[in-house]
Amino acid sequence: MLKMRILTPLVGLGMLAMATTSCGTITGAAVGAGAGAAIAKGTNKDVGKGALIGAGVGGAAGAIYDVYKSR
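Residues numbered from 1 in each chain as written. Predicted model: local features only at pLDDT ≥ 70, side-chain atom pairs only at ≥ 80, totals over all residues. Heavy atoms only, no water.

Overview of the overall build of the chain
Moving on, step 1. A count of helices and strands for the chain gives three helices and zero strands.
Moving on, step 2. Evaluated residue by residue, the chain yields a buried proportion of 27% over its 71 residues.
Moving on, step 3. Of all intrachain contacts in the chain linking residues separated by at least 6 positions in sequence, the fraction that spans at least 24 positions is 54%. (Helix = DSSP H or I, 4+ residues; strand = E, 2+ residues; numbered from the N terminus. Buried < 20%, exposed > 50% of the residue type's maximum accessible area, 1.4 Å probe, protein only. Contact = heavy atoms within 4.5 Å.)

Here it is, written out as C-alpha cells:
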C-alpha cells in the first residue's frame, strides 16, 4: 500500500511531463525523483515528499537545460 502511495503521484507526474514538455525536462524529473527519494530514505524522511521535490527540481533544471541547448 505504501509503495502504491509513492508510485501513483510519480507516474501521474511522469505522464503529465511527457505530455507537455521535452526530453530534457522528463529526464531531469526522473533523475531528480530518484535522487530525492534516495536522499529522503537516507535521512529517514518521507520518501514520497523527497521524490516529489526532487522531480520538481530536476524537471526545472531539465527545462532550463532544454531552453539554453536550443539557442
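Having seen the structure, we can now continue with the description.
Description of the environment of leucine 10
Moving on, step 1. In this structure, leucine 10 sits in helix 1 (residues 2-20).
Moving on, step 2. Under the relative-accessibility criterion, leucine 10 is labelled partly exposed at 23%.
Moving on, step 3. Sequence spacing of leucine 10 and alanine 55 is 45 residues, and the spatial spacing of their C-alpha atoms is 8.3 Å.
Moving on, step 4. If we skip the residues at most four places from it in the chain, leucine 10 touches Ala33, Ala51 and Leu52.

Quick word on a nonpolar patch on the surface
Moving on, step 1. Together, Leu7, Val11 and Met15 line one region of the surface with nonpolar side chains, adding up to about 290 Å² of accessible area.
Moving on, step 2. Structurally, methionine 15 is set in helix 1. (Patch = residues over 30% accessible without salt bridge, like charges linked within 9 Å, V, L, I, M, F, W, Y side chains within 5 Å. Areas by Shrake-Rupley, 256 points an atom, 1.4 Å probe, with all protein chains shown as cover. Salt bridge = Lys/Arg side-chain N within 4 Å of Asp/Glu carboxyl O.)

Concerning the environment of threonine 8
Moving on, step 1. Mapped onto the fold, threonine 8 is located in helix 1.
Moving on, step 2. Between the C-alpha atoms of threonine 8 and glycine 48, which are 40 residues apart in sequence, the distance is 9.9 Å.

Regarding unusual backbone geometry
Moving on, step 1. The backbone of asparagine 44 sits at a positive phi, close to 60 degrees, despite the residue not being glycine.
Moving on, step 2. If you trace the backbone, asparagine 44 turns up in the loop between helix 2 (23-42) and helix 3 (47-69).
Moving on, step 3. On the basis of relative accessibility, which here comes to 71%, the residue asparagine 44 falls in the exposed class.

Some words on helix 2
Moving on, step 1. Here helix 2 contains 20 residues, and its C-alpha end-to-end distance of 29 Å stays within 8% of the 28 Å for a straight helix at 1.5 Å per residue.
Moving on, step 2. Within the span of helix 2, buried status applies to Gly24, Thr25, Gly28, Ala29, Gly32, Ala33, Gly36, Ala37 and Ala40.
Moving on, step 3. Asparagine 44 lies just past helix 2 and shows a positive phi near 60 degrees. (Expected span 1.5 Å × (residues − 1).)

Some thoughts on the confidence of the model for the chain
Moving on, step 1. Residue-level pLDDT values for the chain average 81, and 83% of them are 70 or greater.
Moving on, step 2. Mean pLDDT across the elements of the chain bottoms out in helix 1 (71) and peaks in helix 3 (88). (pLDDT = per-residue confidence, 0-100.)

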